[in-house]
Amino acid sequence: MDEAQKKLLLALLKGEGTEHPDPSLGCIRRGLCCRQNPGWFGPGEMEKAAAQRGMDPDEFVRTFCIVDSVEVEGQTVHVFAPLKLGRDGQPLREPASLADRVYKMFPGPCIFFENEGCGIYGARPVECRQYICTNKPSQNPTKEGIGRLWLQAAESSKDGAS
């Protein structure tokens with residue numbers, strides 16, 4: 001992370017410089033959400049991002065992802081998410097580890113936020129594709145909604161195995 005990125009990150013963490021120049025434009029790829037908290041992958045998406053990087057899924061997870069979780073219908077659902085980086089530009093947790101409560105509390109830029117853009121844009125997570133910073137929170141994807149996708153995929157694979 002260069003000095004300009006560190007300065008911008010510190011300003012964003014303080015809540016400075018977040019005004020949208022024209023909310024009617026929707027997403028204008030400023031990277032505000034990318035600098036705050038990575039989006040979660042939906043089922044099958046991490047594999048596409050791994051392929052884009054020329055990696056197998058296991059290597060991709062062990063290099064770039066954390067396993068996060070959410071409660072859905074009384075069940076803990078685990079999902080893959082890109083790692084957050086700390087102020088030093090290093091991952092806040094070990095790759096492929098489980099996200100703890102402290103990790104979830106702190107903002108941090110996505111490990112794929114590179115050169116003022118997304119390093120996996122063509123294979124970015126569902127949350128990133130559907131999130132628009134000018135939307136009301138109720139109009140954007142939720143962690144529970146993405147967890148539901150994973151739960152549905154697990155149930156579908158059980159049904160297909162029968």
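This structure is a prediction, so every number in the text was calculated from the model and none was measured.

Caption draft 1: Geometry of the overall build of the chain. Within the chain, the secondary structure is distributed over seven helices and four strands. Going through the 162 residues of the chain one by one, you find that 36% of them count as buried. Counted over contacts in the chain with a minimum sequence separation of 6, partners at least 24 positions apart contribute 62%. Accessible surface, the chain as shown: approximately 9,500 Å² in total, 52% of it carbon and sulfur.

Caption draft 2: Quick look at the environment of Gly 44. Structurally, Gly 44 can be placed in the loop between helix 2 (32–36) and helix 3 (45–52). The spacing of Gly 44 and Trp 150 is 106 residues in sequence and 9.4 Å in space, taken between C-alpha atoms.

Caption draft 3: Quick look at the layout of surface pockets. Roughly 550 Å³ of volume is contained in the largest pocket. Taken together, 30 residues make up the lining of the largest pocket; nearest its centre are Gly 31, Cys 33, Cys 34, Cys 128 and Tyr 131. Elements with a minimum of two residues in the lining of the largest pocket: helix 2, strand 4 (117–118) and helix 6 (126–130). Looking at the lining of the largest pocket element by element, the count peaks at four residues for helix 2.

Caption draft 4: View of the confidence of the model for the chain. Summarising the model, the chain shows a mean pLDDT of 86, and 81% of its residues fall at 70 or more. Within the chain, helix 4 (residues 57–64) carries the highest mean pLDDT (98), whereas helix 1 (residues 3–13) carries the lowest (56).

Caption draft 5: Spatial organisation of the packing of helix 3 against helix 4. Packing of helix 3 against helix 4 brings their axes to within 9 Å, and their N-to-C directions diverge by 90°. Judged on the interaxial angle alone, helix 4 and helix 3 are roughly perpendicular. Judged by residue contacts, Met 46, Glu 47, Ala 49 and Ala 50 of helix 3 engage Pro 57, Phe 60 and Val 61 from helix 4. Of the residues assigned to the contact of helix 3 with helix 4, the class counts are six nonpolar, no polar and one charged.

Caption draft 6: Seen up close, the pairing of strand 2 (residues 75–82). Where strand 1 (residues 65–72) lies against strand 2, eight bridges are found, and the strand directions are antiparallel. By the bridge assignment, Cys 65 is partnered in strand 2 with Pro 82. As consecutive antiparallel partners, strand 1 and strand 2 are separated by two residues, and within that stretch Glu 73 has a phi angle of approximately 50°, a positive value.

Caption draft 7: A look at the side chain of Lys 84. Inspection of the secondary structure assignment puts Lys 84 in the loop between strand 2 and helix 5 (101–105). One buried charged residue, Lys 84, remains without a salt bridge, the closest side chain of opposite sign being Asp 68 at 6.4 Å. Within the structure, Lys 84 has its side chain in polar contact with the backbone oxygen of Phe 106 (distance 2.6 Å). Excluding residues that lie within four positions of it along the chain, Lys 84 makes contacts with Asn 37, Pro 38, Gln 90, Pro 91, Leu 92, Tyr 103, Lys 104, Phe 106, Pro 107, Gly 108 and Pro 109.

Caption draft 8: Molecular detail of the packing of aromatic side chains. Within this structure, the stated rule accounts for five aromatic pairs. Between the aromatic rings of Phe 41 and Phe 60, the centroid separation amounts to 6.3 Å while the plane-to-plane angle is 70°, which identifies the pairing as edge-to-face. With a gap of 19 residues between them, Phe 41 in the loop between helix 2 and helix 3 and Phe 60 in helix 4 connect regions that are remote in the sequence. With a relative accessible area of 0%, Phe 60 lands in the buried category. When the ring of Phe 60 is compared with that of Phe 112, the centres are 5.7 Å apart and the planes differ by 10°; the resulting orientation is stacked. In this pair, Phe 60 is assigned in helix 4 and Phe 112 in the loop between helix 5 and strand 3 (113–114), connecting sequence segments 52 residues apart. Of the two residues examined, Phe 60 and Phe 112, each falls in the buried class. Taken together, the ring pairs connect Phe 41, Phe 60, Phe 64 and Phe 112 into an aromatic cluster. Positioned over the ring face of Tyr 121 is Arg 124, at 3.8 Å from the centre of the ring.

Reading the values: rules and limits
Residues numbered from 1 in each chain as written. Predicted model: local features only at pLDDT ≥ 70, side-chain atom pairs only at ≥ 80, totals over all residues. Heavy atoms only, no water. Helix = DSSP H or I, 4+ residues; strand = E, 2+ residues; numbered from the N terminus. Buried < 20%, exposed > 50% of the residue type's maximum accessible area, 1.4 Å probe, protein only. Contact = heavy atoms within 4.5 Å. Areas by Shrake-Rupley, 256 points an atom, 1.4 Å probe, with all protein chains shown as cover. 1 Å grid on protein atoms, 1.4 Å probe; cavity = no way out; pocket = protein on both sides within 12 Å on 5 of 7 lines; lining within 4 Å. Points joined across faces, edges and corners; volume = space filled by probe spheres on them. pLDDT = per-residue confidence, 0-100. Axes fitted to C-alpha atoms, helices over the stretch in contact; angles between N-to-C directions. Parallel < 35°, antiparallel > 145°, perpendicular 65-115°, else oblique. Nonpolar A, V, L, I, M, F, W, Y, C, P; charged D, E, K, R; others polar. Pairing = 2+ DSSP bridges. Lys, Arg positive; Asp, Glu negative; His and termini not counted. Salt bridge = Lys/Arg side-chain N within 4 Å of Asp/Glu carboxyl O. Polar contact = N/O pair within 3.5 Å; in protein donor to acceptor, adjacent residues only side chain to side chain. Phe/Tyr/Trp six-rings, centres within 6.5 Å; stacked < 30°, edge-to-face > 60°. Lys NZ or Arg CZ within 6 Å of the ring centre and 35° of its normal.

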